[in-house]
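What the coordinates show
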Amino acid sequence: MHQLKRKAAHTPHRPGRLGLWLNSLPHSKWIFPVYQSRQLYLVENDVTSEKLPRVLHGLKIAYASDIHYGALLDDARVKDLAERLNALEADIILFGGDYGEDAAHTLQMFKKLPPLKAKLAVCGVIGNHDRAEATAQELILAMEKCGITPLVNSTLTLEMDGKKLCICATDDLSHGDPAFREVKEQVLGADYVIFAPHSPDALEAAREEGAGDFYDLALCGHTHGGQVAIFGFAPYTASLYGERYGNMYLSGEIEEDDGAQIIISNGVGTTWMPVRVGAPPQYHLITLRRARPER
Ligand SMILES: [Fe+2]
């Protein structure tokens, strides 16, 4: 438990004038931080758990968060992301939210997104940039129209050989109405639970509400790895709990004291400026493994 105080949420940043100018320069791609912001790297995460049912051993989840479609990320990069996700031939494709730089671009992105192929499910959560200027219902409808199962205070349950895998998320923490206790109740009796809130701040908010102990694996985005991080430290993290918490939950794999595993993605796109240093753009192939599959 972190004895930390939540700050007020700000309306999401759109690209600033400097960011738009930098993005428009014909040769800006030769500036390393700009070049880096336009790359995309696959990260492969193996998650090993004794709790994982045998039937889920080897299950593959393709995860992409923080696309931020708009002035800094165009149609071609959305198409490229969809092709990369499809090429992973995953069982599940999961989006971590912040599809557009604002709600209008999020709704456009859902229309532009090429069809996605996963063996079991394509699902997604909503982030602060999506939610700040749109209702949850608008976003839910748009996601359903493009074939993404929305996880907004809701749970997707997949049953295999009588074992239940639950993937759940709340509404966005900073601009929505997250119902942690409701989501916790939805997953009662599950054999393995993946909680995928947009921001890792939601992990602390859930703990504060006494509902922080219901998941085996948490998948989060939002942080962008700081966008600019020096030796793993980001001067600005956008965490509602301040920079200390923000840097604890900045990027990569974390194991909590209660055994819950957390993966935090740097995300695909950028906000404010088309710049990344020490926080390369990422999408993920997460493979679930049972700790002792031979038993
Ligand atoms: Fe984001």
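These remarks concern the structure in this document. (Residues numbered from 1 in each chain as written. Predicted model: local features only at pLDDT ≥ 70, side-chain atom pairs only at ≥ 80, totals over all residues.)

1. Comments concerning the packing of helix 4 (residues 103-112) against helix 6 (residues 136-145)
The geometry of a pair of packed helices is captured by two quantities: the angle between their axes and the separation between those axes. With their axes 9 Å apart at the nearest point, helix 4 and helix 6 run at an angle of 15° to one another. With respect to helix 6, the element helix 4 is oriented roughly parallel. Between helix 4 and helix 6 the crossing geometry is left-handed. The residues of helix 6 that touch helix 4, namely those facing Thr106, Leu107 and Phe110, are Leu139, Ala142, Met143 and Lys145. Of the residues in the contact of helix 4 with helix 6, the class split is five nonpolar, one polar and one charged. (Axes fitted to C-alpha atoms, helices over the stretch in contact; angles between N-to-C directions. Helix = DSSP H or I, 4+ residues; strand = E, 2+ residues; numbered from the N terminus. Parallel < 35°, antiparallel > 145°, perpendicular 65-115°, else oblique. Left-handed = near helix turned anticlockwise from the far one by under 90°. Contact = placed C-beta atoms within 7 Å. Nonpolar A, V, L, I, M, F, W, Y, C, P; charged D, E, K, R; others polar.)

2. Looking at the sheet that holds strand 11 (residues 261-264)
Read across the sheet, six strands follow the order 6-7-8-9-11-10 without closing on themselves; strand pairing throughout is mixed. On the outer flanks of this sheet lie strand 6 (154-160) and strand 10 (252-255), each paired with one strand and no other. Sheet twist, expressed as the average angle between the axes of neighbouring strands with direction ignored, equals 15°. By the bridge criterion, seven bridges tie strand 6 to strand 7 (residues 163-169) in an arrangement that is antiparallel. Each bridged residue has a counterpart across the sheet, and for Glu159 the counterpart in strand 7 is Lys164. (Pairing = 2+ DSSP bridges.)

3. Focus: the sheet that holds strand 12 (residues 282-290)
Strand order in this open sheet of six strands is 1-12-2-3-4-5, and the pairing throughout is mixed. For this open sheet the edge positions go to strand 1 (41-49) and strand 5 (149-150), each flanked by a neighbour on one side alone. One ladder, built from four bridges, connects strand 2 (residues 60-64) with strand 12; its direction is antiparallel. Counted as the bridge partner of Tyr63 is His284 from strand 12. Helix-sheet contacts for helix 3 (residues 75-87) involve strand 2, strand 3 (92-95) and strand 12, and the interaxial angle to strand 2 is about 170°.

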